[in-house]
Every structure is written in structure tokens, then in C-alpha cells.
Amino acid sequence: MRIPSKITFITLLAICLNFFSIRAQNPLILDQYTADPTARVFDGKLYVYPSHDILCTENKGRVGWFCMEDYHVFSSDNLTTWKDHGAILSQTEVAWADPSGYSMWAPDCVERDGKYYFYFPTKPKDAKGFKIGVAISDSPEGPFVPQENPIAGVDGIDPNVFIDADGQAYLYWSGGNIFVAKLKPNMTELASEPQVIANLPQEGLKEGPFVFERNGLYYLTYPHVENKTERLEYAMGPTPEGPFTVTGVIMDESPTGCWTNHQSIVNFKDQWYLFYHHNDLSPDFDKNRSIRADSLSFNRDGTIRKVQPTLRGIGINKATETIQLDRYSSKSDSAAIQFNDPETPFKGWHAVLSAGDFIRYNQVDFESGRSEILLRVKAEGGAVLELSFADTNKPITKLNIPDSTGWSSLDFELANPEVGIHDLEIKVISGAAAIDWIQFK
């Protein structure tokens with residue numbers, strides 16, 4: 001074992017600080033609150049258009065409620081590294097919107113003929129309720145230019161646009177019921193009268209429609225309050241306008257009581273994914289949420305298999321990247337996850353393990369042999385850790401962690417490195433340790 005030099009430590013610190021803005025498992029974004037994610041694939045890259053929760057104050061929105069003043073867009077080509085392209089639209093840039101409404105709720109974005117159409121709801125200046133507007137760009141990353149007026153004939157929230165194989169575009173939105181109408185080729189005007197989608201649950205709030213097609217079947221997905229909080233449900237139909245038949249549940253209610261959920265489903269590189277949100281970074285206030293993603297699959301008859309939410313999330317992490325073990329695939333029952341700083345949740349979490357505890361992190365790419373292990377750890381009284389490949393039951397090495405009451409970044413030599421994608425497991429053989437992250441150099 002050797003303690004890193006000052007230069008190495010500073011470099012590691014810079015890596016860690018940068019990590020929270022661009023790399024994540026679940027939740028995907030760790031430097032701000034995000035919700036209502038719409039995932040789209042443009043030019044081989046996955047883009048996510050979420051809403052942006054902020055904390056309401058006396059002069060910003062309604063205290064104790066949802067508060068959103070702008071939108072960001074994030075992109076990734078590997079599902080583990082996410083780039084924030086910055087704010088793409090603000091409430092003060094929309095001519096018809098209330099500039100102090102703080103109601104830029106769930107959006108969507110689609111591409112047509114080289115143009116990108118961003119759909120968003122917000123409160124108008126001169127009327128009650130919500131309207132839905134459109135902003136247009138030549139790039140999925142913006143800048144987006146909002147139209148002077150909202151879409152005529154539409155009152156509601158949570159816009160979703162689906163373009164069928166024949167080129168016809170449909171707009172879906174919610175407002176007590178879920179509605180659908182055809183769009184004109186200009187993508188900014190209705191081509192038909194709004195229709196209520198029939199046969200959906202009549203009791204309990206339903207909102208957030210998202211429609212996609214697979215193998216000639218059309219799926220209408222939506223959050224619905226069947227009991228106390230929203231779960232994700234879906235209905236299936238033969239056309240984009242239905243008739244739809246309620247079919248099943250995609251994701252159960254939050255086990256911790258987060259009141260809302262909001263979804264999109266996308267196929268990226270031949271794998272289907274469910275994007276949704278939870279209040280990971282704000283466990284005591286569920287109006288500040290964070291977007292997540294997990295893999296999704298189908299039964300042979302086309303029905304959706306229920307998704308179990310995970311912390312590990314999606315994507316294959318390179319061993320050379322900082323691996324956040326607290327976003328585990330599995331762990332022993334007594335292993336605990338704690339905030340690094342309870343007062344500043346954006347600083348993330350760490351795992352706390354005692355003798356006999358383990359934590360497992362799947363899908364790590366050891367693309368070439370690695371000769372060093374770095375980890376951020378503290379172990380009052382010292383500890384012995386055992387690293388292994390859980391998928392092959394092959395031990396990697398044992399690490400002797402010295403007595404430390406504070407965090408240390410330690411550097412160990414690694415003999416006989418192995419190449420390939422493996423599930424990484426860390427077990428505490430003796431003592432106890434808090435582990436923030438691990439990295440293979």
C-alpha cells in the first residue's frame with residue numbers, strides 16, 4: 001500500500017468533483033434536481049429532457065409545492081457518462097407565459113425533417129390553468145426558440161408527441177383525463193379536435209401520457225394513483241388513438257412514499273429502457289426529484305414485464321472510472337448507505353460495511369489490465385477488505401485498510417490483472433469500513 005502524492009490526491013479530488021456533474025448510475029444526475037424525464041434517441045445518442053425542480057421560496061412559486069423555472073437537456077452515448085448542455089428554455093423567454101409562474105412542468109422533444117420540436121406546459125399570463133407551447137431548434141441540444149403563442153385548442157399539462165410510421169404526428173396531454181389530437185405537418189397546430197382517451201381508470205389521478213409502438217402494437221403509458229401515490233401503468237391498442245385496453249403495471253408505487261412518478265420508454269442500441277424519477281436526493285421532500293433509468297423487457301405476447309427500480313441503474317462502467325459502490329446491484333442486509341454530507345445531498349452517498357458484509361456492483365469493464373486500485377475509505381480501528389469477481393467467484397485481492405477516523409484516498413498495487421466485463425464484489429473480512437468509491441488505474 002502507498003498513500004498517493006499530493007499531485008495524485010489533487011487529481012483524484014478533481015475527478016471526484018467533476019464526477020457528480022457528468023457521471024452517475026441512479027439517480028442519473030447528481031448536481032441538480034430533475035424530474036419527468038423524456039428520453040429520445042437522436043443521431044445515435046440518447047437525450048433526456050426532464051423538468052428542473054428547484055426549492056420554492058417566498059418570492060419563487062408556491063412554498064412546499066413544485067417549482068420549475070427552466071429546462072436543461074442531458075445526453076449520453078454510453079448511459080453512464082451524461083453531459084449537461086445547460087438551460088435550453090426559461091419561463092422568462094416565452095412571450096405568452098407567466099414569467100413568475102415557476103410551472104415549467106414535464107416536457108417532450110421530437111425530430112421532424114431536421115427540426116427539433118420541444119413541447120412544454122406552463123401557466124399563461126392572461127388565463128388560469130396551463131397551456132402547452134412549442135420551441136424549435138436546429139439541434140437537439142438547442143438553442144430552442146419558443147413560438148409566440150401556445151398551441152390553440154389545448155389546455156393541460158404533460159405533452160407527449162408520437163410520430164407514426166405513416167408520418168402522422170399525434171399530441172397527447174393530460175388534464176383530468178388523457179387527450180389525443182392529430183398535429184398538422186408544421187407540428188405546432190392541431191389537425192383534429194381533441195378526444196378523450198376512453199377506457200382508462202376513472203378513479204384516482206392519471207397524467208403524464210407517453211406513447212410508443214413496438215411490433216405493430218401501440219402502448220399508452222401513464223402514472224395513476226390507484227392507492228395513495230402514483231404507480232406507472234399502461235394500456236395497449238391497435239392504433240395511436242386506440243381503442244386502448246388497460247393492460248398492467250410497469251412500476252409499483254414508491255416504497256418510500258414519493259407522491260409522483262413520470263415515465264418514458266425508449267429503445268437504445270437494441271435494449272429497451274424505462275426512465276422515471278424518485279426523490280433520492282431529497283428524501284424528506286418529494287417535490288425535489290431526481291431522474292432514474294432501468295432496463296425494461298417484454299413477454300412474448302407483447303405485455304411489459306414489471307420493472308423493479310434499482311440503484312445500479314443502466315450502462316457498463318469502465319474500471320478506470322470512479323465506481324460508486326453505494327449504487328449497488330446487491331448487498332448484505334446489514335450493509336448501510338448514508339449521505340456523505342446530510343446537509344448537502346448532492347455530495348452523494350457511501351456504503352458502511354461491518355465484518356461479514358458485502359456489496360456488489362455489476363457490469364464493470366476491465367478493458368485492459370489494471371495494476372493499481374484506488375479507493376476512498378475510512379476505517380476506525382482498521383479493516384481487511386476482500387475484492388472478487390462475483391460472476392466467476394474469482395478473488396482479486398485483499399486490502400489492509402489502516403486505522404482512520406477520517407476519509408483517506410488509498411492506492412494499492414494489483415497483481416495479475418484480468419481483462420473482461422465482470423461483477424465486482426467487496427466484502428469486509430474483519431473490522432468495519434465506510435467506502436465511498438473505488439477505481440482501477
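Before reading further, recall that the structure is shown in the block above.
Residues numbered from 1 in each chain as written. Predicted model: local features only at pLDDT ≥ 70, side-chain atom pairs only at ≥ 80, totals over all residues. Heavy atoms only, no water.

## Some thoughts on the sheet that holds strand E15 (residues 230–237)
In space, the 4 strands of this open sheet follow the order E13-E14-E15-E16, with antiparallel pairing throughout. The sheet is open, and its two borders are formed by strand E13 (210–214) and strand E16 (245–251), each paired with just one other strand. The average angle at which neighbouring strand axes cross in this sheet is 30°, direction not considered. Pairing geometry for E13 and strand E14 (residues 217–225), over 5 bridges, is antiparallel. The residue bridging Val 211 from the neighbouring strand is Leu 220, located in E14. (Pairing = 2+ DSSP bridges. Helix = DSSP H or I, 4+ residues; strand = E, 2+ residues; numbered from the N terminus. Axes fitted to C-alpha atoms, helices over the stretch in contact; angles between N-to-C directions.)

## Topic: the side chain of Ser 404
Tracing the backbone through its elements, the reader meets Ser 404 in the loop between strand E27 (394–401) and strand E28 (408–413). Look past the residues within four positions of Ser 404 in its chain and what remains in contact with it is Lys 378, Ala 379 and Glu 380. (Contact = heavy atoms within 4.5 Å.)

## A word on the packing of aromatic side chains
Considering all chains together, one arrives at 25 aromatic pairs under this definition. Clustering of aromatic rings is evident, with ring pairs tying together Tyr 49, Tyr 71, Trp 96, Phe 118, Phe 120 and Phe 144. One cation-aromatic arrangement involves Lys 287 over Phe 66; the distance from NZ or CZ to the ring centre is 5.7 Å. One residue, Arg 327, lies across the ring of Trp 349, its end atom 3.8 Å from the ring centre. (Phe/Tyr/Trp six-rings, centres within 6.5 Å; stacked < 30°, edge-to-face > 60°. Lys NZ or Arg CZ within 6 Å of the ring centre and 35° of its normal.)

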